[in-house]
2 protein chains.
Amino acid sequence: MIDLNQSDLSQLVPELLVIRASGHLFDSQRQYPEWELKNSDLKRLLSRGVGGVILVGGSVSELKQRSKILRSWAAKPLFLCADVEEGLGQRFIGGSLLVPPLGIAQIHRKYPEKALLLAEKYGICTGFQARVCGLNWVLAPVCDINNNPNNPVINMRAWGEDPFTVSALTIAFQRGLSSQGVLTCAKHFPGHGDTSVDSHLELPVLDHDLNRLQEIELLPFKEVVASGVDSVMSAHVLLRQIDPNYPATLSPIVLNCLREEIGFDGLLVTDALVMEAIKKSYGGGEAAVMAFKAGADLLMMPENPDEAIDAICQALLSGRIPMERLQQSLQRRKQALAKVDSLRSTLPTYKAKDDLFEVERAEDQLFAEELISLSIKVRNQEKKDLGVSQGGINLLRVDGVLPCSFLTQTSPAISVPQEAGYRTVLCHQLGVNPWQDDLNEPLALDRFGNGSFFLQLFLRGNPFRGDLNNREPWVAAVRQLEQHNRLSGIVIYGSPYLWDELIRNLDSSIPAAYSPAQMQQAQGMVLASLFQPVNSNKDLPPQKISDFTD
Amino acid sequence: MIDLNQSDLSQLVPELLVIRASGHLFDSQRQYPEWELKNSDLKRLLSRGVGGVILVGGSVSELKQRSKILRSWAAKPLFLCADVEEGLGQRFIGGSLLVPPLGIAQIHRKYPEKALLLAEKYGICTGFQARVCGLNWVLAPVCDINNNPNNPVINMRAWGEDPFTVSALTIAFQRGLSSQGVLTCAKHFPGHGDTSVDSHLELPVLDHDLNRLQEIELLPFKEVVASGVDSVMSAHVLLRQIDPNYPATLSPIVLNCLREEIGFDGLLVTDALVMEAIKKSYGGGEAAVMAFKAGADLLMMPENPDEAIDAICQALLSGRIPMERLQQSLQRRKQALAKVDSLRSTLPTYKAKDDLFEVERAEDQLFAEELISLSIKVRNQEKKDLGVSQGGINLLRVDGVLPCSFLTQTSPAISVPQEAGYRTVLCHQLGVNPWQDDLNEPLALDRFGNGSFFLQLFLRGNPFRGDLNNREPWVAAVRQLEQHNRLSGIVIYGSPYLWDELIRNLDSSIPAAYSPAQMQQAQGMVLASLFQPVNSNKDLPPQKISDFTD
């Protein structure tokens, strides 16, 4: 191995890369052409020996076809992975979309045993669906502890706000995932929960020293490593007390922690190297070399894959990186691929019941519903009927509408209030400004006409949003509407922190509800508790959720 | 045939129905669950003998799978059809999406020969893609004459504003479609072009008598029938001079016109029977019976298929409808299906070049681009560069955003002005109100902050929108911005009527452009003529469109 020449290296080094592809089949369907390679490039790179693909977008049937095609193009055995932390449906239409992990953590407070079972089923559901669609590696669990409510990028993705909840739930989740024959990935090492900036946009800086990390952030990583997690993903955060020069992904000191302090000997994969936190400061080739040199085994989404391969080959040939690093990483890759095979050898082959390829089984649907009904909160015990307001305003707040995955004209959040006489007004970051310069009267009421407001705020930590929209004065707006006697009800979908803050001062006569999840099913269940059914929505079961009211 | 009993009828009558299915595979993916049957219902109805399915939504790869599955469920040979008047991509992602027909009519004014060739290629492109995805019937051409600029539902879908242009272009289009082995459909008989209400929402009433129809509206139908159109679709319009009691779809007098006046002996299919114009006044079963009795051969989207079958069986058994009507319609159905076979017997089987199933061929892409570049208009000959405005406002107006098929965060209409320093504000019907109560100052400028406006208005006749948004005072708003010296440019995507009206009074120094098409490619080409490229959009060819400037 030590005497590898350039030609050997150009065969082997590509295995270290994980490149990004759309789950759709055609180039014209790519949602993010800047990041998603064209088919011609994918084909060329895979035949050159690139070892992994991360997939985003499309339907489950497209994903299944896509996986097959990508394997047929590949010269080496492939990792096919996806960021499906909240069920396969998070990225691929037709898969199960589950209540975000922080919702399970809320259940854990009251019913710890139940929550552990749910977390394991969460892993089983996600792992099963990933496998039948052709994936062999799920980039979950998130092991970050959401100890900063303003975290714009982790937040609802975390399995808790303290190390013990996160450890317990992620271990259970991971066990479920593994049981379905897919590899697991703990992220984002050494912890991305205590930041208030989004590393997709800029580099978060943390002041924690090693002691603090060992007391808090590292605990879940230790636990999932001890329980056999297959890979760990590094974070793009700068821990200036530990390594003032390099973000974790590029820092030998931080990555070494994972090997030495935690004793992990599996695959270490970087977070996407195209993220601004890295891209801004280092060139594409150089970032890949630095991460590899620092100890990463796999390089996720290098800015320019060919450049990354060449730069790493060069660094190995020049002696800047010892050949042993390559040997080590390739060995870890091999072992992980062998583990998938061994996991799967014991599993029955999945046979779809019908001539339709159904990824989401009836049991998955029931599970998804169960999670929603367990995680919803309705403040008033007695059933409030909001269906009387003629001429009311259904004011929806979402991050973005181009597209908005959980909202169409027929979604319950629009159709249920509409049937009850509310007209819809949709606020989003690209829309006409609904605010005015008045701290006590922040909503520009003249924009909305007459009527009482039914507020539905969809707000959670979303990558690329920059902040949690704490600049939108919803708390003051709610007070304003109350004072004008124009608030008929309120629902928060997402952030438990906003819910807690709003509910604290809200007049108890005002109907209010909370759901950590935002998808249509969750909207339907929440609104069924606030509105008397008019005529449609026959499909929704009348939901009993009094167990979980605050 | 005359002595058919109940059991014979329940075998035969289902053949008359065309039911609606989503092009997606799974029930959970349906966009309009109210209209799109569940798989269990589709399977049951097809095995019961239902003879046709209209498909909407999904990608071309899903469509191909879907067609296969539906055929496997069917007891009878199936019509598989779609409303793809503007290319397969209008309903199915991955297919070609073409400039709307009214854009070709505009080219026809200057270059009639060229336009006829384009219309034929339009048909070839659409017919080819429909066939390789498993369809055998394309519900086009629209033969309505758009002689009412305020028509909310036909408008850009029409092949012209006078009978001669419409006739010439639809014949050419139809020839192209037929050459690809799919059946054609002239719609909406006896003409839906001169209405100002949308029959999806209410019943349009027309005062035309037969003379007037013969002079204008009927001419294109006569011509395409003479050229061999395979089917004709009826309109949901009330022609009170001809039949004061029943809308065309249910009127023996009007439908008889098609047989007697025009001499058409092919398939007569209704427009969707679930449309409000019909649904409001007649029950589901009764509407189907009346249409069939009036002379329709196929019944599109009856409100309740089982009810429609039972009601027609009953009407036949009771003698309300003579058995000959059934015999006649089934015979026409048979002939049409035989025609598809004979058309296809001469066509080569399509072999996709790669392991990817590519519906849109390179030649289709070039054709789509050619149509855009021929149909774009830029008012100022000299290239205007709008890329200097720092802090400008890119104000986009669209009908709806949930979803908006032609707009994402990376669409040229957003990304190009953004790179040039414009911030995006998106106006749509569900958004916060941008208007104020002042005829001369209709835009509430305080909502937008400082800066010059770059206006992009996406506005065309869209079914279900109710009106052409003539209630939005864009003409006055443009004047307002001009008077405040805050208009840096304007683009209209869609209505040529709005373009004509705006351009008439616009100061000639203000850059302005028009495209009948709204899709991303069109946005890219239009904006390339207004903005100097900054760095991205490398994929867009520098477009020479000076030939077609006004």
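We now turn to the structure provided with this report.

Cut-off values and rules
- Residues numbered from 1 in each chain as written.
- Chains lettered and ligands numbered in written order.
- Predicted model: local features only at pLDDT ≥ 70, side-chain atom pairs only at ≥ 80, totals over all residues.
- Heavy atoms only, no water.
- Salt bridge = Lys/Arg side-chain N within 4 Å of Asp/Glu carboxyl O.
- Helix = DSSP H or I, 4+ residues; strand = E, 2+ residues; numbered from the N terminus.
- Buried < 20%, exposed > 50% of the residue type's maximum accessible area, 1.4 Å probe, protein only.
- Pairing = 2+ DSSP bridges.
- Axes fitted to C-alpha atoms, helices over the stretch in contact; angles between N-to-C directions.
- Parallel < 35°, antiparallel > 145°, perpendicular 65-115°, else oblique.
- Left-handed = near helix turned anticlockwise from the far one by under 90°.
- Contact = heavy atoms within 4.5 Å.
- Least-squares fit on C-alpha atoms with pLDDT ≥ 70 in both.
- Phe/Tyr/Trp six-rings, centres within 6.5 Å; stacked < 30°, edge-to-face > 60°.
- Buried area = accessible area lost by both parts, 1.4 Å probe.
- Polar contact = N/O pair within 3.5 Å; in protein donor to acceptor, adjacent residues only side chain to side chain.
- Nonpolar A, V, L, I, M, F, W, Y, C, P; charged D, E, K, R; others polar.
- Expected span 1.5 Å × (residues − 1).

Some words on the pattern of salt bridges
Thinking step 1. Enumeration over the complete set of coordinates arrives at 57 salt bridges over all chains.
Thinking step 2. Taking the shortest distance from any N to any O, the salt bridge between B:Asp297 and B:Arg259 comes out at 2.7 Å. Taken as a pair, B:Asp297 in the loop between helix H11 (284–294) and strand E10 (299–300) and B:Arg259 in helix H9 (residues 252–260) lie far apart in primary sequence, 38 residues in all. One exposure class covers both B:Asp297 and B:Arg259, and it is buried.
Thinking step 3. A salt bridge links B:Arg361 to B:Glu363, with the nearest nitrogen and oxygen atoms 3.8 Å apart.
Thinking step 4. Take B:Arg361: its relative accessible area is 14%, and that puts it in the buried class.
Thinking step 5. Among the charged side chains, a salt-bridge network with shared partners connects A:Asp41, A:Arg44, A:Arg48, A:Asp306 and A:Asp310.

Concerning the pairing of strand E7 (residues 231–234) of chain A
Residues and elements named next belong to chain A.
Thinking step 1. Burial along E7 is two-sided: Ser231 and Met233 and Val232 and Ser234, pointing in opposite directions, are all buried.
Thinking step 2. Bridge analysis of strand E5 (residues 185–189) against E7 gives four bridges, and the strand direction is parallel. Residue pairing across strands places Phe189 opposite Ser234, the latter belonging to E7.
Thinking step 3. Sheet analysis places E7 next to strand E9 (residues 267–269), joined by three bridges and oriented parallel. Bridge pairing in E9 places Met233 opposite Val269.

Regarding the pairing of strand E1 (residues 17–22) of chain A
Residues and elements named next belong to chain A.
Thinking step 1. In terms of burial, E1 is a largely internal element, six of the six residues being buried.
Thinking step 2. Neither face of E1 is exposed, since Leu17, Ile19 and Ala21 on one face and Val18, Arg20 and Ser22 on the opposite face are all buried.
Thinking step 3. Pairing between E1 and strand E10 (residues 299–300): two bridges, direction parallel. Residue pairing for E10: Leu17 is matched across the bridge by Leu299.
Thinking step 4. Direction of pairing for E1 relative to strand E2 (residues 52–56): parallel, over a ladder of five bridges. Looking at E2, one finds that Ile19 is bridged to Val53.

Describing the packing of helix H6 (residues 163–179) of chain A against helix H8 (residues 218–226) of chain A
Residues and elements named next belong to chain A.
Thinking step 1. Axis separation between H6 and H8 bottoms out at 9 Å; the angle between their running directions is 25°. By the angle between their directions, the pair H6 and H8 is classed as roughly parallel. Relative to H8, the crossing made by H6 is right-handed. Contacts between H6 and H8 involve Pro163, Phe164, Val166, Ser167, Thr170, Ile171 and Gln174 from the former and Leu219, Pro220, Glu223 and Val224 from the latter.

With respect to the sheet that holds E7(A)
Residues and elements named next belong to chain A.
Thinking step 1. As summarised here, the arrangement of the three strands in space is E5-E7-E9, forming an open sheet in which the pairing is parallel. Edge positions in the sheet fall to E5 and E9, since each has one partner strand and no second. Geometrically, the sheet is characterised by an average inter-axis angle of 25° between neighbouring strands, direction not taken into account.
Thinking step 2. Of the strands in this sheet, E5 and E7 touch H8, which is tilted by about 160° from E5.

Notes on the relation of the copies chain B and chain A
Thinking step 1. The two copies are related by a screw motion: chain B maps onto chain A through a turn of 180° and a shift of 0.0 Å along the axis, at an RMSD of 0.0 Å. In symmetry terms, the pair is related by a two-fold rotation axis. Among all residues of chain B, the minimum C-alpha distance to the rotation axis is found for B:Val432, at 2.8 Å.
Thinking step 2. Here 100% of the interface residues in chain B have copies in chain A that are interface residues too; the copies meet face to matching face.

Things to note about the packing of aromatic side chains
All names here are of chain A.
Thinking step 1. For the structure on display, the rule yields 28 aromatic pairs over all chains.
Thinking step 2. Ring plane angle 5° and centroid distance 4.1 Å describe the contact between Phe458 and Tyr493, whose orientation is recorded as stacked. Remark: Tyr493 occurs in strand E15 (residues 487–494) and Phe458 occurs in strand E14 (residues 453–459); sequence separation between them is 35 residues. Of the two residues, Phe458 and Tyr493, both sit in the buried class.

Side note on the interface of chain B and chain A
Thinking step 1. Taken together, the contact pairs 47 residues of chain B with 47 residues of chain A.
Thinking step 2. Summed over both partners, the interface of chain B with chain A comes to about 3,900 Å²; 58% of that surface belongs to carbon and sulfur atoms.
Thinking step 3. When residues of chain B are sorted by the area they lose upon contact with chain A, B:Leu402, B:Val432 and B:Arg447 head the list and together hold 20% of the total.
Thinking step 4. One can count zero salt bridges joining chain B with chain A.
Thinking step 5. For the pair chain B and chain A, the interface holds seven residue pairs in polar contact (both at pLDDT 80 or more).
Thinking step 6. If you list the elements that add at least two residues to the side of chain B that touches chain A, you get helix H2 (39–47), helix H3 (60–73) and strand E13 (422–427) of chain B.
Thinking step 7. With seven residues, H3(B) is the largest single contributor of residues to the side of chain B that touches chain A.
Thinking step 8. Per-class residue counts for the side of chain B that touches chain A are 22 nonpolar, 17 polar and eight charged.

Remarks on helix H12 (residues 305–317) of chain A
Residue and element names in this part refer to chain A.
Thinking step 1. Over its 13 residues, H12 runs 18 Å from end to end, which matches the ideal 18 Å to within 8%, given 1.5 Å per residue.
Thinking step 2. By the burial criterion, the buried members of H12 are Pro305, Asp306, Ala308, Ile309, Ile312, Cys313, Ala315 and Leu316.
Thinking step 3. Turning to H12, the residues buried within the fold contact helix H1 (6–12), E1, helix H2 (39–47), helix H11 (284–294), E10 and helix H13 (323–345).
Thinking step 4. Two or three places before Asp306, at the start of H12, stands the capping residue Asn304, its side-chain oxygen 3.1 Å from that residue's backbone nitrogen.
Thinking step 5. Phi for Gly319, located one or two positions after H12, is positive at around 85°.

Some details on the environment of A:Ala336
Residue and element names in this part refer to chain A.
Thinking step 1. Relative to the elements of secondary structure, Ala336 occurs in helix H13.
Thinking step 2. When the C-alpha atoms of Ala336 and Tyr497 are compared, they prove to be 39 Å apart, with 161 residues separating the residues in sequence.
Thinking step 3. Ignoring any residue separated from it by four or fewer positions in sequence, one finds Ala336 in contact with Phe79, Leu183 and Leu267.

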